[in-house]
Structures are given as C-alpha cells and as structure tokens.
Amino acid sequence: MATAARMGRKVTVATCALNQWALDFEGNLQRILKSIEIAKHKGARYRLGPELEICGYGCWDHYYESDTLLHSLQVLAALLESPVTQDIICDVGMPIMHRNVRYNCRVIFLNGKILLIRPKMALANEGNYRELRWFTPWSRSRQTEEYFLPRMIQDLTEQESVPFGDAVLSTRDTCIGSEVCEELWTPHSPHVDMGLDGVEIFTNASGSHHVLRKAHARVDLVTTATTKNGGIYLLANQKGCDGDRLYYDGCALIAMNGGIFAQGSQFSLDDVEVLTATLDLEDVRSYRAEISSRNLASSQGPVRVPALRACPSQASRVSPYPRVKVDFALSRDEDLLEPLSEPVEWKYHSPAEEISLGPACWLWDFLRRSQQAGFFLPLSGGVDSGATACLVYSMCHQVCEAVKHGSQEVLADVRTIVNQTSYTPQDPRELCSRILTTCYMASENSSRETCNRAGDLAQQIGSHHIGLNIDPAVKAIMGIFSLVTGKSPAFSAHGGSSRESLALQNVQARVRMVIAYLFAQLSLWSRGAPGRLLVLGSANVDESLLGYLTKYDCSSADINPIGGVSKTDLRAFVQLCMERFRLPALQSILVAPATAELEPLAHGRVSQTDEEDMGVTYAELSVYGRLRKIAKMGPYSMFCKLLYVWKDVCTPRQVADKVKRFFSKYSVNRHKMTTLTPAYHAESYSPDDNRFDLRPFLYNTRWPWQFRCIETQVLQLERRQRQDLDGVD
C-alpha cells in the first residue's frame, strides 16, 4: 500500500440506510442507484450499502429459489453497466451461489469490474434471525478461491473469474476491510485482526431490526472497536418494513478512533439516506502509533520500558490477509484545503420516543405497500387502543413533516392512499380524518365513561368516528344457542357458572371482530369512497404472554403495532403523546383502570378490571416475560431467581404461588399464540409464535415435576425459618 507523503490523505466515504423491500428488485435497484448518485454528489469515492440490499434482507425461504439468485444477478448487471456507478467503489449485498453452496455476500466493484466477493463468515441465527437456514458461513479465514462469473456478468466485466473469500482491498492510499452485520457482535470480530494487519477503513453492512433500547449497543460496539484499534468504521443498515413484523431502524454511522463523525436517523419516512464524512488517514495512523501494545516489535524481546508493559507486537503476530490491489485512490491529489468532518455526539431517543416513531413508520410502510386506503381501529377508551390510535396520529404527523420538508416520495404515496392527485397534507388531524376510522362498539356492559373517553380522543386526533351497539348481534347468537339447546347461560353476577360467564364474554369479544372486518371492507364504500381499510389490533405484549385475550376477538386483526410493547412502556408513550401532541383526552385514559367491560356493570360502574381478572399485575408480567424468554428460565429457575429479587416483599410461599400461577395460565393459553395478529417486534421477550418464540402449544399445564421441585424448596425454607424462630429466646 502506497502512502502519500503530503498530499492525498483525506478520504470522503459514504454509507447509507435504504428502505428496501423483499423481492422488489426494481425498487431496490432504483434506491441503490439513488444512494450512489447522492454519495458521488457529496464527493465520496467509496459507497457502502446494507446487507442483502439487492433482493431485500427479509426474503426468508425465497432464498431457496433460483429466481432470487437470478434476479439478484440481473440487478448486479444493471449496476455494473450504469454510468452512475463509475469512479466510485461500490459495495453492495446479495446472495451468491458458489460451488452449489449459497452465501450471503458483499460484491465490491469499480468501473464495471468486480474487485472482490466477500462472503459472510458469522451468520445470525438467534431471535428473529434464521440465516443458517438459507446460507452457509465462509469458514476459510484469510483465504480466497476463484469464483467463475455467470456468463451475463462475464459479458459486462470481461472477467472470467474474481476472488471469492476473506480478503481486503489495497488501494493507492489505504486499505479497506469488510465485516457483515453479525460479525461485529462476535467475541473476536474480524476488525480486530484486520486492524492489526494494517486495514484502516472497516465497513459493516447490516440488516439489524429495531428493539427498544438497542441502539446504544450497536453504537457502543463500533466506538469500542475503533477506540481499541483505531481506524475509520462505516456501518450501513436497512430501514423500514420490508415485508413482515420487523422494522429495520437505520442508524447508519461513520466513526473514527472512538468518535462518531456522522449519525443517521433511526426512524424516518425517507427511503434513501446517505451519510458522508471526510476524514484524515493520518489521524488513524498517529492514533495507532500511540498504542504501544500494538506496535512494540516482537524482536525486541523482554525490554523493560518504564510505565509500559513490554510485550511482543500484536500487529506483528497476526496472520496477513490476502490483498486485492486496486488502482484507485479514495483521496484526491490536492486536498490540503478540503474541510474535515467534525465529531458529533450521538443523540438517542427515549423508549417512549422510540415507540412514537418506530411503529408509526412501520404502519406507514405497511399502508403504502399494501395499497390500502387507511386503517380501522376498534377504540375502547382504554390505554391499548388509545395508544394504537396515537401511533396512527404520530404517523400522520411524520407524513406532514416529511411533505413539509420536500419529500416527493411521501407526497406521491399519500396522494395515492387518499385517491386525490392534488392533495397535499398539512395538518395531521385532517390527514387522520381521511385514513383512520375508529369505532366504539358498545354493549350493555359498557360504561358511559369509556364511551366518552373514546369519543374525546377520536375528536382530538381527528379520526372518522363511529359509535354502535353490538347487543342485537350478541342476543341473536345466544338466541340460536338457546333455540338449539333449550339452555340460556348467565353471567356469574346473575347466578351463572364461571364457564357460562366466560362463554358470554367471548361471544361479545368475537362479535366485535366480525363487525370490525365488515366495516373495514365496506365503510368507505358506504361513504362513496374507493378502497378498504386495514384492521388494527391492540393487544400488548404482556397480555399476549399470559393469553389474556379471546381467540379471534378484536385482537385478531391485519396487523398490531403495539403487540411487541409492554403495558408499562405503552403508558409512558401515551404520556408523551398527551404532552407532545396536546391530547388532553389521554389524561382520563391513563388514570382509568384497565378493563375489558365484558361482565355486567355494578350499579352502572365497571365491576371488572384486567389485573383482577389475570391475578397478576402488569409490572409482574414484564418480569415473568423477561425471565422466561431473555434469561431462559423455566418454573424452578424463575422461582429461585425471584426468591432473592422479591425477598423483601414476598415470602417463599408467595413467590412460589405467583410463579405457579403464571406458568399455569401461560401454558393453558399458549395455543393462542399460534393465531396472534402479526405485530411490530419491539420487545426481546415477545411470545410471537411465528418465528421468535418457538415453543409447544400443548403443555402439561400441571407442571408436576417442576412444581414439585419448587414445593420441596419452599418446605425446606419454611422448616428452616421455624427452626430459626424456635432457637430464639
């Protein structure tokens, strides 16, 4: 690698966040080209894109299809021959088949020639990720093979084969090495040895989705990497909903020597976001020169240096990487007067702000890409449905802000949704009136208070609000049952059994689901407008965990933006909306007890609350959920953990009873998780049965062995406590 003595040491590099869509090859190509065009306009000579950006990260089992590989190659061909990609090193992501094995790859090219195909070496295979299902990790560290290009690519590049494997690029002025997403998170990331081998610019193409309170972990990993080893680090990420429950949250960044020099947005409606920074390579070299453990020569032996621990040079011991020589410079010959980027302080969102922005952006992507005309939301007057309504209002606010700042893409999408080519949204409340229909579905068990709360919130956010009564439908269904059986079930309050009461509650809940879908399909038709509405669900993650919902009730919907959010976080989000959007109706919703209102009122007042029904508080549910999923605890381990955590507030017997109650109810209701509405993934203890939380749904709900182990421990502790008391005079 040649190093310029005076000139040509400042490099301008670009990374990006793209809202790619699985299998949308045409749209993905245009967004990639736009990002390259912007990067070049900003003076960059290297452009990094997200993981698997050509096909979209979330193709899942479509990776098995030869079509996905073929169309990815066709997009690569279009990129190679586009004049937009000239005079800039382009780093794009796509699946590649090499020797009949499928790899998740980076394809790096310049001026119509492929420089290197770098396969991913550590695959993400936990939580929502299943990369080992479709790809094989490249296991040959610091080795490359010949990859014989398909004919369609050979005809363009006039290359028969290119290097395939773990190598780095050596340009005229620096050295560039690649990591891919998960590799940054491994105990011994590639950037460690690459940095010791003289790589000065590290790149990381990610497909990382949003989880509440996660952004800091990503930033910390990058800053720590460059603090220990020096260097420039570029991170690209996908953004938006690319076709399922996940929202990829951008946060593209450029860092150097432990500092952040460019920060991308975590949530936005822009499909293409490009970050650039101009940095001085000499800053990397001088920073590394100060790291004595990296630089001490191994040939010096055990020389004693005051205040320094002498050791063999780590850099001298690392195995060298194969280098692909590139006759191109990232710097320019005359760059003395070129301004350098300044470090910035990373700005994080609070969890309530993350909820306000992330699910709202997800809703926007789902709405415009599904080509529907809006949303239908059963609005009960409680926190959960109120929070869902606020998310739609937050989405409308973001749309108006994007249009105000000149986003032609957002303007075109909103005009398509409202079916009005001259429409320009300016007021979130007015936009909300066009795309959100809310409905309060009263019954004889509903209170005036919840009706008023729902109506007040609908009026303040501007939704088209409907009020109706479901009693005629409920009575008709129960009339059929009575006609056939000769029996008339009654609520517990009227002398019926718990079985009768539960059945009567479930009929009300399921009638509401049928009505919701009827109005979603035909309410716009009844108003003389085209299109149909997406039905929104509003069951939170804690209720889903315990199964505190009726199967095929209003929790059954097209999508659920709060299904991965805890009740505690939802309340904080609603508080934020009340203050930020000036929605005073939310105050009465926050202070009201959570209730399903499915049982008869007592003297006109609510007689049923959620926490009494569940036999557990929402705060306790969050604890159980995190221990079950994140800490991976069964009943006995959870009991042992909570025995210590709750030692000041609960006896061992009380802890045991609480744990047994949770696991009994959880296992009885686990079958409901198989029909959960697709929900925005925000919590790491989500019980989503689709891909994230894989468990049986038929349990021995008595848990005889596990509960016996708990009981044995409780008896031992109680015996010991009695002995201690007997020993006191």
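As the structure is a prediction and not an experimental result, all values here were calculated from the model.

A count of helices and strands for the protein chain gives 24 helices and 20 strands. The C-alpha atoms of the protein chain give a radius of gyration of 30 Å, which matches the 27 Å a tight globule of 729 residues would have. C-alpha atoms of the protein chain, sized along the principal axes, occupy 90 × 85 × 50 Å. Of all 729 residues assigned to the protein chain, the portion counted as buried reaches 57%. Across the protein chain, contacts joining residues at least 24 apart in sequence account for 73% of those joining residues at least 6 apart. When the accessible surface of the protein chain is split by element, carbon and sulfur atoms take 53% of a total near 30900 Å².

Our next topic: the pattern of salt bridges. Using the criterion set out here, one finds 40 salt bridges in the structure. Residue Asp693 pairs with Arg695 through a salt bridge whose shortest N-O separation is 2.9 Å. Assessed through its relative accessible area of 0%, Asp693 is described here as buried. Note on Arg695: relative accessible area 27%, which makes it partly exposed.

If you look at the biggest cluster of nonpolar residues, it comprises 63 residues, and the most contacted ones within it are Leu363, Phe375, Met395, Phe573 and Leu586. Counting contributing residues per domain, this core is built from domain 1 (10–295 + 320–335) and domain 2 (351–614), each supplying no fewer than three. One finds Trp60, Val92, Ile114 and Tyr129 within the second-largest nonpolar core, a separate group that totals 51 residues.

Another aspect to go through is the confidence of the model for the protein chain. In this model, the protein chain carries an average pLDDT of 93, and 95% of its residues clear a pLDDT of 70 or more. Of the regions scoring below 50 in pLDDT, residues 1–5 engages in 12 contacts with residues more than four places distant in sequence or in other chains.

Per the UniProt record, the feature "domain: CN hydrolase" (unreviewed entry) sits at residues 11–281. In residues 11–281, the share of helix is 25% and the share of strand is 34%. The end C-alpha atoms are 7 Å apart.

Positionally, Asp333 belongs in the loop between β16 (323–325) and α10 (351–370). A sequence separation of 390 residues divides Asp333 from Gln723, and the C-alpha atoms of the two residues are 85 Å apart.

All right, on to a nonpolar patch on the surface then. Residues Ile480, Leu483 and Val484 make up a contiguous nonpolar surface patch of roughly 380 Å² in combined accessible area. One can find Ile480 in helix α15 (residues 471–485).

Here we take up the pairing of strand β5 (residues 113–119). For β5, the tally of buried residues reaches 6 of 7 residues, placing the bulk of the element in the interior. Relative to β5, strand β4 (residues 101–110) runs antiparallel, the two sharing 6 bridges. Within β5, the position partnered with Leu110 by the bridge is Lys113. Count of turn residues in the β4/β5 antiparallel hairpin: 2 residues, of which Asn111 carries a positive phi of about 50°.

Much of the literature gives interface size as the accessible area that the parts lose upon coming together. The domains assigned to the protein chain are domain 1 (10–295 + 320–335), domain 2 (351–614) and domain 3 (616–728). Relative to domain 3, the C-alpha centre of domain 1 lies at a distance of 43 Å. Facing 14 residues of domain 1, the contacting portion of domain 3 comprises 12 residues. Note on domain 1 versus domain 3: buried area summed over both sides is about 1200 Å², and carbon and sulfur give 45% of it. Considering only the surface of domain 1 that becomes buried against domain 3, Asn128, Arg130 and Arg245 emerge as the three largest contributors, covering 53% of it. Where domain 1 packs against domain 3, one counts 3 salt bridges. Linking Asp244 and Arg691 is a salt bridge whose minimum nitrogen-to-oxygen distance equals 3.0 Å. Its residues assigned to classes, the side of domain 1 that touches domain 3 shows 6 nonpolar, 4 polar and 4 charged.

Right, let's get into unusual backbone geometry. A negative phi angle is the norm for most residues apart from glycine, just as the trans form is the norm for most peptide bonds. The residue Cys251 is not glycine, and still its phi comes out positive at about 60°. Assignment of secondary structure puts Cys251 in the loop between β12 (248–249) and β13 (253–256). Positive phi outside glycine occurs at Asn257, with the angle close to 50°. When its relative accessible area of 17% is taken as the criterion, Asn257 is described as buried.

Attention now moves to the packing of α10 against helix α11 (residues 383–404). Orientation of α10 relative to α11, taken along the N-to-C sense of each, is 80°, at an axis distance of 8 Å. Considered as vectors, α10 and α11 are oriented roughly perpendicular to each other. Contacts between α10 and α11 involve Ile355, Ser356, Leu357, Pro359, Ala360, Cys361, Leu363, Trp364 and Leu367 from the first element and Leu391, Val392, Ser394, Met395, Gln398 and Val399 from the second. Each residue belonging to the contact of α10 with α11 can be placed in one class, and the counts come to 12 nonpolar, 3 polar and no charged.

The strand order β19-β18-β17-β20 describes an open sheet built from 4 strands, whose pairing is parallel. Whereas interior strands pair on both sides, the edge strands pair on one side only; in this sheet they are β19 (464–469) and β20 (534–535). Bridge count for strand β18 (residues 436–442) against β19 is 6 bridges, and the pairing is parallel. Bridging across to β19, Ala442 finds its partner in Asn469. Each of β17 (375–378), β18 and β19 is contacted by helix α13 (residues 428–435), which is oriented at about 65° to β18, the strand it contacts most.

What follows covers the packing of aromatic side chains. Applying the stated criterion across every chain yields a total of 27 aromatic pairs. Each residue in the set Tyr624, Trp646, Phe662, Phe663, Tyr666, Tyr699, Trp703 and Phe707 is aromatic and connected to the rest through ring pairs, giving one cluster. Between the NZ or CZ atom of Lys629 and the centre of the ring of Phe692, over which it lies, the distance is 4.4 Å. The ring of Tyr644 carries the charged tip of Lys647 above its face, separated from the ring centre by 4.2 Å.

Turning our eyes to something else, we now look at helix α14 (residues 448–461). Taking 1.5 Å per residue, 14 residues should reach 20 Å; α14 reaches 20 Å between its end C-alpha atoms and fits that length. Of the surrounding secondary structure, the elements contacted by the buried residues of α14 are α11, α13, β18, β19 and α19 (585–591).

Each value, and the rule that gives it
- Residues numbered from 1 in each chain as written.
- Predicted model: local features only at pLDDT ≥ 70, side-chain atom pairs only at ≥ 80, totals over all residues.
- Heavy atoms only, no water.
- Helix = DSSP H or I, 4+ residues; strand = E, 2+ residues; numbered from the N terminus.
- Rg over C-alpha atoms; globule rule 2.2 N^0.38 Å.
- Buried < 20%, exposed > 50% of the residue type's maximum accessible area, 1.4 Å probe, protein only.
- Contact = heavy atoms within 4.5 Å.
- Areas by Shrake-Rupley, 256 points an atom, 1.4 Å probe, with all protein chains shown as cover.
- Salt bridge = Lys/Arg side-chain N within 4 Å of Asp/Glu carboxyl O.
- Core = buried A, V, L, I, M, F, W, Y, C linked by side-chain atoms within 4.5 Å.
- Domains from an automatic or database assignment.
- pLDDT = per-residue confidence, 0-100.
- UniProt positions renumbered as here; feature names shortened; annotations may be inferred.
- Patch = residues over 30% accessible without salt bridge, like charges linked within 9 Å, V, L, I, M, F, W, Y side chains within 5 Å.
- Pairing = 2+ DSSP bridges.
- Buried area = accessible area lost by both parts, 1.4 Å probe.
- Nonpolar A, V, L, I, M, F, W, Y, C, P; charged D, E, K, R; others polar.
- Axes fitted to C-alpha atoms, helices over the stretch in contact; angles between N-to-C directions.
- Parallel < 35°, antiparallel > 145°, perpendicular 65-115°, else oblique.
- Phe/Tyr/Trp six-rings, centres within 6.5 Å; stacked < 30°, edge-to-face > 60°.
- Lys NZ or Arg CZ within 6 Å of the ring centre and 35° of its normal.
- Expected span 1.5 Å × (residues − 1).

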